[in-house]
Amino acid sequence: MILYQVKDYKELSRKAANIISAQVIMKPHAVLGLATGSTPIGAYEQLVEWYKKGDLDFSKVTSVNLDEYKGLSGDSDQSYRYFMNTNLFDHVNIDKSRTFVPDGLEEDSEAACAKYDAVIQSVGGIDLQLLGIGGNGHIGFNEPGEAFIPMTHCVALTKSTIEANARFFASMDEVPKYAYTMGIKNIMSANKVLLLASGEGKAQALYDSFYGPVIPEVPASVLQLHNDVVVVADDAALRVCKEKGAL
Ligand code: GLP
């Protein structure tokens, strides 16, 4: 694992954007695995800025997003499709027909998940998978559980994840209770993984994920078994790692 320790969110965003840019510059046909949540927003802003300056070209890039709420359409402003459009896709020259997000409106979970696995396979796998991390160690929407679930699946979101995501909705009741998410094998099959962690709320999860045992109760801990992981974390997110003498 390569760990970049940065001062704050601003530095984290710039470093993450640098790594994503490097991937796109080195391989214009790259398949980017993209993530939502508040953490990658700064990196997306930076990418848009560099695109506008003429330093980046997304015209040949394909993207596959990690997850989507079940029951939300791409037009709903809380959906992850909408998030991706407004935070990145609408502002760069990516071909939208080559941007993929699980279909939240497909009610048949099995069909939705099988379709998404087929999409990931058809694009030839993921070159760089961007990840945030939940306060409970979740990646995508792979929640803590009894086993690592390999492929795209439908999850019942945990209470803590629903509470954490409620800030994006008018009320807690409006937060969907289910989501479609790539599974652990989908994520682990990416050639490279870039995980971003910012803020005190991620400090324990970050320590448990990279310095604790590899267990499904801490989904991100599986990344210890991946041989090309880059972590960018700010001082606040690294507090527990430092206190425990891991760094
Ligand atoms: C959601 C997303 C995850 C994300 C997590 C953390 O649950 N499904 O992909 O990593 O939130 O979000 P944030 O970056 O806002 O802390």
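For clarity, every value in this text was computed on a predicted model and none was experimentally measured.

Calculation criteria
- Residues numbered from 1 in each chain as written.
- Predicted model: local features only at pLDDT ≥ 70, side-chain atom pairs only at ≥ 80, totals over all residues.
- Heavy atoms only, no water.
- Helix = DSSP H or I, 4+ residues; strand = E, 2+ residues; numbered from the N terminus.
- Contact = heavy atoms within 4.5 Å.
- Phe/Tyr/Trp six-rings, centres within 6.5 Å; stacked < 30°, edge-to-face > 60°.
- Buried < 20%, exposed > 50% of the residue type's maximum accessible area, 1.4 Å probe, protein only.
- Lys NZ or Arg CZ within 6 Å of the ring centre and 35° of its normal.
- Pairing = 2+ DSSP bridges.
- Axes fitted to C-alpha atoms, helices over the stretch in contact; angles between N-to-C directions.

1. Here we look at the environment of Gly 135
With respect to the element layout, Gly 135 can be found in the loop between strand S6 (128-131) and strand S7 (153-156). Remark: the alpha-carbon pair of Gly 135 and Lys 202, spanning 67 residues in sequence, is separated by 5.1 Å. Ignoring any residue separated from it by four or fewer positions in sequence, one finds Gly 135 in contact with Gly 201, Lys 202 and Ala 205.

2. Digging into the packing of aromatic side chains
Overall, the coordinates contain six aromatic pairs when judged by the stated rule. On the basis of an interplanar angle of 45 degrees and a centroid distance of 4.8 Å, the ring pair of Tyr 69 and Tyr 80 is categorised as tilted. One end of the pair, Tyr 69, is in strand S4 (residues 67-69); the other, Tyr 80, is in helix H3 (residues 80-87), with eleven residues separating them in the sequence. Comparing Tyr 69 with Tyr 80, the two get one shared label, buried. Here Tyr 80 and Phe 141 contribute two aromatic rings whose centre-to-centre distance is 5.9 Å and whose plane-to-plane angle is 15 degrees, an arrangement assigned as stacked. Of this pair, Tyr 80 sits in helix H3 while Phe 141 sits in the loop between S6 and S7, and the two are 61 residues apart along the sequence. Above the plane of the ring of Tyr 4 lies Lys 15, whose end atom (NZ or CZ) is 4.6 Å from the centre.

3. Examining the sheet that holds S4
Taken together, the three strands give an open sheet; going across it, the order is S4-S8-S7, and neighbouring strands pair in antiparallel fashion. On the outer flanks of this sheet lie S4 and S7, each paired with one strand and no other. In this sheet, adjacent strand axes meet at a mean angle of 25 degrees when their direction is disregarded. Pairing geometry for S7 and strand S8 (residues 178-181), over four bridges, is antiparallel. In the sheet register, His 153 faces S8, and the bridge partner there is Thr 181.

4. Some remarks on the sheet that holds strand S10 (residues 229-234)
Strand order in the open sheet formed by seven strands is S1-S10-S9-S6-S2-S3-S5, with parallel pairing between adjacent strands. This sheet does not close on itself; its edge strands, each paired only once, are strand S1 (2-6) and strand S5 (99-100). Judged from the four bridges that link them, S6 and strand S9 (residues 192-197) form a sheet pairing that is parallel. Residue Gln 129 lies in a different strand from S9, and its bridge partner there is Val 193. Strands in contact with helix H4 (residues 109-122) are strand S3 (62-65) and S5; relative to S3, the strand with the most contacts, it is inclined by about 150 degrees.

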